[in-house]
Amino acid sequence: MELNAKIPEGPLAEKWTYYKGHSKLVNPSNKRNLEIIVVGTGLAGASASASLAELGYQVKTFCFQDSPRRAHSIAAQGGINAAKNYQNDGDSVFRLFYDTIKGGDYRSREANTYRLAEVSGNIIDQCVAQGVPFAREYGGLLANRSFGGVQVQRTFYAAGQTGQQLLLGAYSALERQVALGKVTMYSRHEMLDLVIIDGKARGIIARNLVTGKLERHFGHAVVLASGGYGNVFYLSTNAMGSNVTASWKAHKRGAYFANPCYTQIHPTCIPISGDHQSKLTLMSESLRNDGRIWVPKQKGDSRKPNDIPQEERDYYLERRYPAFGNLVPRDVASRGAKERCDAGYGVGASKQAVYLDFASAIQRYGKAAAHKAQMHDADADTITRLGKQVIAEKYGNLFEMYEKITGENPYEVPMRIYPAIHYTMGGLWVDYELMTTIQGLYAVGECNFSDHGANRLGASALMQGLADGYFVIPYTIANYLSGEIRTQSIPTDHPAFAEAEKNVQDRLDKLMSIQGTHSVDYYHKALGKIMWNKCGMSRNAQGLKEAIQEVRALREEFWKDVRIPGAQNELNPELEKAGRVADFLELGELLATDALQREESCGAHYREESVTDEGEAKRDDSRFCYVSAWENKEGNNFELHKEPLEFELVHLTQRSYK
């Protein structure tokens, strides 16, 4: 199948306007007769469900949590990007677009990325209208801060809980539609297969996680908003429930999976403390606005950080990247930390950490606060106290979280951080309309591949999720559904529903019948170690070939020896996990296969064979300037399809943040 991205005609800045002016519409009386299934209730899913219902469609929304508010979007801390230029510092739609393309190392589709930048300002207006409590300046204007990979302040934030506040806004819009009867909410339901009739997505098979019962649900179209696949690495910043299952079931039914090797490493994570951990905790990238990252200049220095004088500290990001300093993109900052630790300069008990230090920011803010209070002869203690108050206002909940987890007070001693798996730029391939390679199946938010290339800039995930849900899918889905107004609701006793349900039932029966000796977590941890060690922050051909073989062997062992206690037709979290890990064991092979095929370094995909003299990622535009879109063949075999990337407004250059 040839990939058609359906990019509209005309100059880049006019494509979205042209599309909206020429796409087909559905009139209000017809919308009432059309049913749309939305899987997922994070920012993308909740905003899509609310917007589509507001337009008049009948919406059925599914989430595996007990409430839509539990979606992993709540964990986003630092902010959301938008090209408002409130700071009058030179920002614009073009600059947000360019920073996003450059941050993704020129591996994203220009048209989608430009549209994202174009609608970003609308998101802020929408969320303010919903009552999202963004931080404000003294005069009442919305405040902004910087994130990595940019030289302007365009990140809107609500303390260190931006994701939670944005999700509450989307959730309130969603619940309004639930109350009006326009959205039917199915919580504690997990999508386990996609139903396709005559080549079009027409429904899903969902499992009621409380009773274990399988259910059939029809929709004229299906929208997946089920998040990313970072938990293939086991230890990540994702919620434990985050999984690839909905996307993977669609992939097995014919939706191409794009760029799975593009997995983001976040540089500011609390380091691993031992084998007992089941997840990792993120410290927001916003902390890099004021925190300075350093390691001792002396290898193996065991002194306490506050005992190491300034001249014996290596602020290595400021040294290597003077133009951006501590605000380089995530992939660059992550590799910098790994390089220093691998070279023997790491800190803490494990020596797998670097310092994130707020001492100078506390002094800077303290002096400014003292001047504001007319305290021109304030002593050192007063300045420190005032500075801590300012830092607490900006980052207080993050500092509390760090102290609860580590037992260390970051107002007094530097935080210890190390990179960890965070976001996934890869996902289901979608065209300009966010439709996958299956007619009538859409993917929005993190579960699609479209906007971030090989590395996402911080604070752009919330932007993409809400852009897709509020401002893109409501327009693009109408272009498809306008041709479905004569399609009657298909009864769920149709043979395609029966076949899909049997497919799910057989798999559940098989899982329950194994009764082996190892837990689901045993296999998940084993998979995570393979993926992190051989397909993590750096990759090489030998390691990737080994990873593919090891994942295949582990998958074979899983299907012979996994142990799932309990029964099938009841609440059984181990059975839920087993299904998700089984899918990860298939995805892991594709991820390593994609990484092996892409013999270049770009963004977060760092191949040791493709590096500049200075150790930076080295792209190969002549051979790899394309999207890798993988088709699933029988027996977990994959066929590569390529979507060439063509650039109209930006010039392909090697990234430099120096």
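Below is a short write-up of the structure. Keep in mind that this is a model prediction, so the values were computed, not measured. (Residues numbered from 1 in each chain as written. Predicted model: local features only at pLDDT ≥ 70, side-chain atom pairs only at ≥ 80, totals over all residues. Heavy atoms only, no water.)

## Section: the overall build of the protein
Cut-off, in case you're wondering: Secondary structure counts use DSSP, requiring at least four H or I residues in a row for a helix and at least two E residues in a row for a strand, with both numbered from the N terminus. We take the radius of gyration over the C-alpha atoms and set the globule estimate at 2.2 Å times the residue count to the 0.38 power. Three labels apply to residues, based on accessible area from a 1.4 Å probe with only protein chains included: buried if under 20% of the type maximum, exposed if over 50%, partly exposed otherwise in between. Whether two residues touch is decided by their heavy atoms; if any such pair falls within 4.5 Å, the residues are in contact. With residues, only the protein chains shown are counted as cover, and all accessible areas are computed by Shrake-Rupley using a 1.4 Å probe. Under the counting rule used here, the positive set is Lys and Arg, the negative set is Asp and Glu, and His together with the chain ends is not counted. A charged residue contributes its charge at one atom only: NZ of Lys, CZ of Arg, CG of Asp or CD of Glu.
Scanning the protein from terminus to terminus reveals 17 helices and 19 strands. Over its C-alpha trace the protein gives a radius of gyration of 24 Å, about what one expects of a compact globule, namely 26 Å for 658 residues. The principal-axis extents of the C-alpha atoms in the protein amount to approximately 80 × 55 × 50 Å. For the protein, buried positions account for 60% of its 658 residues. Taking all contacts inside the protein whose residues are at least 6 apart in sequence as the whole, residues at least 24 apart take part in 74%. Element-wise, carbon and sulfur atoms account for 49% of the exposed surface of the protein, whose accessible area totals about 24,700 Å². Here the protein contributes 77 positive and 79 negative side-chain charges, whose respective centroids are spaced 1 Å apart.

## Quick notes on the sheet that holds strand β2 (residues 58-62)
Put simply, the rule is: Being paired, for any two strands, means DSSP has found at least two bridges between them. Note on geometry: axes are C-alpha line fits, over the in-contact stretch for helices, and angles between N-to-C directions span 0 to 180 degrees.
Here we have 5 strands laid out as an open sheet, ordered β5-β2-β1-β9-β17, and parallel in their pairing. Looking at the sheet topology across the chains shown, the edges are occupied by β5 (183-186) and β17 (441-443). The mean inter-strand angle of the sheet, taken between neighbouring strand axes irrespective of direction, is 20 degrees. Summarising the sheet, strand β1 (residues 35-39) and strand β9 (residues 221-224) pair through 4 bridges and their orientation is parallel. Across the sheet, residue V39 finds its bridge partner in β9, namely L224.

## Notes on the pairing of strand β7 (residues 200-208)
Of all 9 residues that make up β7, 8 are buried, and the element is covered over most of its length. Hairpin connection of strand β6 (residues 189-197) to β7: 2 residues between the antiparallel strands, including D198 at a positive phi of 50 degrees. Two successive antiparallel strands, β7 and strand β8 (residues 214-218), enclose a turn made up of 5 residues, where G212 displays a positive phi of approximately 85 degrees.

## Quick notes on helix α12 (residues 461-481)
Applicable threshold: Here the bend at each residue means the angle between axes fitted to two seven-residue stretches, the one ending at that residue and the one beginning there.
Taken as a whole, α12 carries its principal kink of about 55 degrees at V472; the proline P474 stands between one and four residues after it. The element α12 is largely enclosed, with a buried count of 18 among its 21 residues.

## Some thoughts on the sheet that holds β7
Here we have 3 strands laid out as an open sheet, ordered β6-β7-β8, and antiparallel in their pairing. Where the open sheet ends on each side, the last strands, each with one partner, are β6 and β8. Between one strand axis and the next, the sheet turns by 25 degrees as a mean value, whatever way the strands run. With 8 bridges connecting them, β6 and β7 associate as antiparallel partners. Along β7, the bridge assignment pairs E190 with R207.

## Side note on the pairing of β9
Residues A221 and V223 of β9 are buried on one face, and the alternating residues V222 and L224, pointing to the opposite face, are buried as well. With 3 bridges connecting them, β9 and β17 associate as parallel partners. Bridging across to β17, L224 finds its partner in A443.

## Some words on the pattern of salt bridges
Short version of the rule: In the sections that follow, a salt bridge refers to a side-chain nitrogen of Lys or Arg positioned within 4 Å of a carboxyl oxygen of Asp or Glu.
Tallied over the full model, the rule gives 56 salt bridges. Here K200 ties to E484 by a salt bridge, and the two come within 2.6 Å at their closest N and O atoms. Within this pair, whereas K200 is found in strand β7, its partner E484 is found in the loop between α12 and α13 (495-514), the two being separated by 284 residues in sequence. Owing to a relative accessible area of 2%, E484 belongs among the buried residues under this scheme. Salt-bridge contacts for E339 lead to R340; the nearest nitrogen and oxygen are separated by 2.8 Å. We classify E339 as partly exposed; its relative accessible area is 32%. Look at R340 and you get buried, because its relative accessible area is 12%. A cluster of three or more residues bridged by salt bridges with shared partners is formed by D105, R107, D331, R335, R598, E600, R619, D621 and R655.

## Considerations on helix α16 (residues 573-597)
Filter applied, for reference: A helix is expected to span 1.5 Å for every residue after the first.
Between its terminal C-alpha atoms α16 stretches 36 Å, which fits the 36 Å expected from 25 residues at 1.5 Å a residue. Within α16, 20 of the 25 residues are buried, which leaves the element mostly enclosed by the surrounding structure.

## Some details on empty space enclosed by the protein
The line we're drawing: The way it works is a 1 Å grid over only the protein atoms, where trapped points that fit a 1.4 Å probe form a cavity and open points with protein on both sides within 12 Å along at least five of seven lines form a pocket, and then any residue with an atom within 4 Å of a point lines it. Grid points are joined across faces, edges and corners, and a volume is the space filled by probe spheres set on the points.
Summed over the entire model, instances satisfying the criterion amount to 3 cavities of 30 Å³ or more. Of the pockets and cavities examined, the largest cavity occupies roughly 70 Å³. If you go around the largest cavity, the residues you meet are M240, G241, S242, N243, D521, H524, K577, R580, V581 and F584. At the level of elements, α14 (520-535) and α16 are the ones that each hand at least two residues to the lining of the largest cavity.

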